[in-house]
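# Residue-level structural notes
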Amino acid sequence: MSERLDEKQPTPEDALARTVAARRGDESVVVRALRELGAVDRAVYRAVADTPTPVLDGPVRRLSTAANHSRLWLGLAAVIAALGGRRGRRAAVEGVVAIGVTSAAVNLGLKPIARRRRPTRSSPYDDRFVAMPGSTSFPSGHAASAFAFGYAVGRHVPGLAVPIRLLAGGVAYSRVHTGVHYPGDVVIGSVVGAGTAAMVAGAFDRIGVVGRGQGRSGDGA
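About the thresholds
Residues numbered from 1 in each chain as written. Predicted model: local features only at pLDDT ≥ 70, side-chain atom pairs only at ≥ 80, totals over all residues. Heavy atoms only, no water. Core = buried A, V, L, I, M, F, W, Y, C linked by side-chain atoms within 4.5 Å. Buried < 20%, exposed > 50% of the residue type's maximum accessible area, 1.4 Å probe, protein only. Helix = DSSP H or I, 4+ residues; strand = E, 2+ residues; numbered from the N terminus. Contact = heavy atoms within 4.5 Å. Polar contact = N/O pair within 3.5 Å; in protein donor to acceptor, adjacent residues only side chain to side chain. Expected span 1.5 Å × (residues − 1). Arc of directions from axis to C-beta. Salt bridge = Lys/Arg side-chain N within 4 Å of Asp/Glu carboxyl O. Patch = residues over 30% accessible without salt bridge, like charges linked within 9 Å, V, L, I, M, F, W, Y side chains within 5 Å. Areas by Shrake-Rupley, 256 points an atom, 1.4 Å probe, with all protein chains shown as cover. Axes fitted to C-alpha atoms, helices over the stretch in contact; angles between N-to-C directions. Parallel < 35°, antiparallel > 145°, perpendicular 65-115°, else oblique. Left-handed = near helix turned anticlockwise from the far one by under 90°. Nonpolar A, V, L, I, M, F, W, Y, C, P; charged D, E, K, R; others polar.

### Quick look at the nonpolar core
W73, A146, F149 and V171 are the most contacted members of the largest nonpolar core, which totals 13 residues. Breaking this core down by element, the ones donating at least two residues are α4 (71-83), α5 (85-114), α6 (141-156) and α7 (158-177). If you tally residues by element for this core, the top one is α4, at four residues. In this structure, Y45, V176, Y182 and V186 belong to the second largest nonpolar core, which totals seven residues.

Below is the structure:
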């Protein structure tokens, strides 16, 4: 039995479709595509909710919980900083800053605007559940922070790029598996996180260039 969904609840795709329809009409290809994406979003959520996965439920639930308040990423940042030398320290600092900026953008900017309600769970597979957050659903803060950290670490420590991003993908999926997010929430959250981390990386690079330039000027004075 699937987790009950309010079929009348508009998805972000539905809301965007209404906005576009007001300008282009209901028969616009863009409007139809957005509505179909909303239907796919709900259908994938139902498929995950309906699928019994007793072996996966415990590990996925624990992974999701470990990422609460970015504890997983902060712990990894400490290890990378301690063992990774100068490059590891820069990766850790940039990763933590990227998480902070991303969390602010998601929780203070996007969630209050989107205001998507969380799924209403009624699945029999309650071994997979984590506590339902009190915040709104779109986009996923866990996914955003995961991919922000993964981007920052991967660009400084290439050897960790693949495993850290696979771990980020696991955290993102865990939010759907445990029933607290729709797939669209985690997809957009992942994009927002990586995009925000790229902007943070650009700022770090500019600061680094300025700092090195000032250092050279000071040495020659």
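### Structural notes on the environment of S135
The residue S135 is located in the loop between α5 and α6 in this model. In this structure the C-alpha to C-alpha distance between S135 and P112, which are 23 residues apart in sequence, comes to 9.0 Å. Beyond its immediate sequence surroundings of up to four residues, S135 is in contact with K111 and R118. Engagement of the side chain of S135 in a polar contact is seen with the side chain of R118, the distance being 2.8 Å.

### Structural notes on α4
Between its first and last C-alpha atoms α4 spans 18 Å; for 13 residues at 1.5 Å apiece the expected length is 18 Å, and the two agree. What α4 keeps buried is the set L72, W73, A77 and I80. Looking straight down α4, one finds that the buried residues subtend no more than 130 degrees of arc, so they occupy a single side. One or two steps after α4, the chain reaches G85, where phi turns positive at roughly 70 degrees.

### So, the pattern of salt bridges
Within the structure shown, the criterion is met by six salt bridges. Between R116 and D41 there is a salt bridge whose closest N-O contact spans 3.1 Å. Taken together, the positions of R116 in the loop between α5 and α6 and D41 in helix α2 (residues 29-50) put the pair 75 residues apart, joining distant regions of the chain. Overall, R116 belongs to the buried group, its relative accessible area being 4%. According to the relative accessible area criterion, D41 is buried, its value standing at 4%. Measuring nitrogen to oxygen at the nearest pair gives 2.9 Å for the salt bridge that ties R155 to D205. With R155 in helix α6 and D205 in helix α8 (residues 183-220), the pair connects residues that are 50 residues apart, well separated along the chain. On the accessibility criterion, R155 (30% relative accessible area) is partly exposed. Judged by its relative accessible area of 31%, D205 is partly exposed.

### Here's the deal with a nonpolar patch on the surface
Residues V93, V97 and V101 make up a contiguous nonpolar surface patch of roughly 210 Å² in combined accessible area. Here V97 shows up in helix α5.

### What about the packing of α4 against α7?
Orientation of α4 relative to α7, taken along the N-to-C sense of each, is 165 degrees, at an axis distance of 12 Å. One finds that α4 runs roughly antiparallel with respect to α7. As for how α4 packs across α7, the hand of that crossing is right-handed. On the side of α4, the interface is formed by L72, W73, L76 and I80, while α7 contributes L160, I164, L167, A168 and V171. Taken together, the residues of the contact of α4 with α7 break down into nine nonpolar, no polar and no charged.

### Structural notes on the packing of α5 against α6
Following both chains from N to C, one finds α5 and α6 inclined at 155 degrees, their axes separated by 8 Å at the closest point. Here α5 is positioned roughly antiparallel relative to α6, judged by the angle of their axes. Here α5 runs over α6; the crossing is right-handed. Every residue of α6 that contacts α5 at R87, R90, A91, E94, G95, V96, A98, I99, T102, S103, V106 and K111 is listed here: G141, A144, S145, A148, F149, A152, V153, R155 and H156. Tallied by class, residues from the contact of α5 with α6 come to ten nonpolar, six polar and five charged.

### Overview of the environment of G75
With respect to the secondary-structure elements, G75 resides in helix α4. Along the primary structure G75 and A92 are separated by 17 residues, whereas in three dimensions their C-alpha atoms are 9.9 Å apart.

By themselves, these figures tell us nothing about what the structure is for.
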